[in-house]
Amino acid sequence: MWALPNHMAASFYFAPVVELTAYVTHAMGEADYVASFASDIALLDQVGARPVVVHGGGPQIGDMLKRLNTTSQFIDGLRVTDAATVKVSEMVLCGSINKQISAAISRLGGRALGLSGKDDSLIVADKLVKERLNEKGNVVEIVDLGFVGEPAEVNAKLLNDVLDDGRIPVVFYKRIG
């Protein structure tokens, strides 16, 4: 049986609330980090916090692109994403990371459900346009980052339906248009 630490008890007094949790995928290679994170999410679920996990996978995508002898271009820290990179990203995010996180949570008593931003238009994004500025702050160039976007809409009904069914949504964000 898990014990809720005293410093956490007060934050759950007004449960149920939706707890949005971002998973830092740099930790994916460390089994202890994955297990600890999954344990925390299962505990949040058990105390009624209704966690929603959102993850990316930059390092793992980069590793797969290297294995496929594909180079990535970055502009101001953002990966330029063409159609081929989108396919690799979805393969890594959906076929590997999302399943690993969901399985780890499920092993520890949570009922995790892996979802993509594409599923039932869960996340709709607007294309991100990067502006390069000069030293005076004037726009000198508009940079096309390809299939890179910022969330514009979230299908809250779908998330609430999953949560109401007693499941923990584990979402990777990849959806433009």
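What counts and what doesn't
- Residues numbered from 1 in each chain as written.
- Predicted model: local features only at pLDDT ≥ 70, side-chain atom pairs only at ≥ 80, totals over all residues.
- Heavy atoms only, no water.
- Axes fitted to C-alpha atoms, helices over the stretch in contact; angles between N-to-C directions.
- Helix = DSSP H or I, 4+ residues; strand = E, 2+ residues; numbered from the N terminus.
- Parallel < 35°, antiparallel > 145°, perpendicular 65-115°, else oblique.
- Left-handed = near helix turned anticlockwise from the far one by under 90°.
- Contact = heavy atoms within 4.5 Å.
- Nonpolar A, V, L, I, M, F, W, Y, C, P; charged D, E, K, R; others polar.
- Buried < 20%, exposed > 50% of the residue type's maximum accessible area, 1.4 Å probe, protein only.
- Pairing = 2+ DSSP bridges.

**Q** Just checking my understanding: could you explain the packing of helix H2 (residues 31-46) against helix H4 (residues 83-107) for this structure?
**A** How two helices pack is summed up by the angle between their axes together with the distance between the axes. Taken N-terminus to C-terminus, the directions of H2 and H4 make an angle of 60 degrees; their axes are 8 Å apart at the nearest point. Judged by the inter-axis angle, H2 sits oblique to H4. Between H2 and H4 lies a crossing whose hand is right-handed. Residues Val 34, Phe 37, Ala 38, Ile 41 and Ala 42 of H2 touch H4, and the partners they reach there are Ile 101, Ala 104 and Ile 105. In terms of residue class, the contact of H2 with H4 is built from eight nonpolar, no polar and no charged.

**Q** Would you mind going over the side chain of Thr 85 with me for this structure?
**A** Along the chain, the position of Thr 85 falls in helix H4. A relative accessible area of 5% means that Thr 85 is categorised as buried. Beyond its immediate sequence surroundings of up to four residues, Thr 85 is in contact with Leu 65 and Arg 79.

**Q** Would you explain the environment of Val 171 in this entry?
**A** Within the fold, Val 171 resides in strand S8 (residues 168-172). By relative accessible area, Val 171 is classed as buried at 3%. Residues within four places of Val 171 in sequence aside, it is in contact with Val 53, Val 54, His 55, Asn 98, Leu 115, Gly 117, Leu 122, Ile 123 and Leu 159.

**Q** I'm lost on the pairing of strand S6 (residues 123-133) in this one. Help?
**A** Walk down a regular strand and you will see the side chains alternate between the two sheet faces. Of the pairings in the sheet, the one linking S6 to strand S7 (residues 139-154) comprises ten bridges and is antiparallel in character. Looking at S7, one finds that Leu 133 is bridged to Val 139.

**Q** I tried to follow unusual backbone geometry on my own but got confused; where do I start?
**A** Glycine aside, negative phi is the norm for most residues, and most peptide bonds take the trans geometry. Not every positive phi belongs to a glycine, and Arg 50 is a case in point at roughly 55 degrees. Looking at the element boundaries, Arg 50 is found in the loop between H2 and strand S2 (51-55). In this structure, Ser 121 is a non-glycine residue whose phi angle is positive, near 50 degrees. Of note, Ser 121 is situated in the loop between strand S5 (112-116) and S6. With a relative accessible area of 34%, Ser 121 lands in the partly exposed category.

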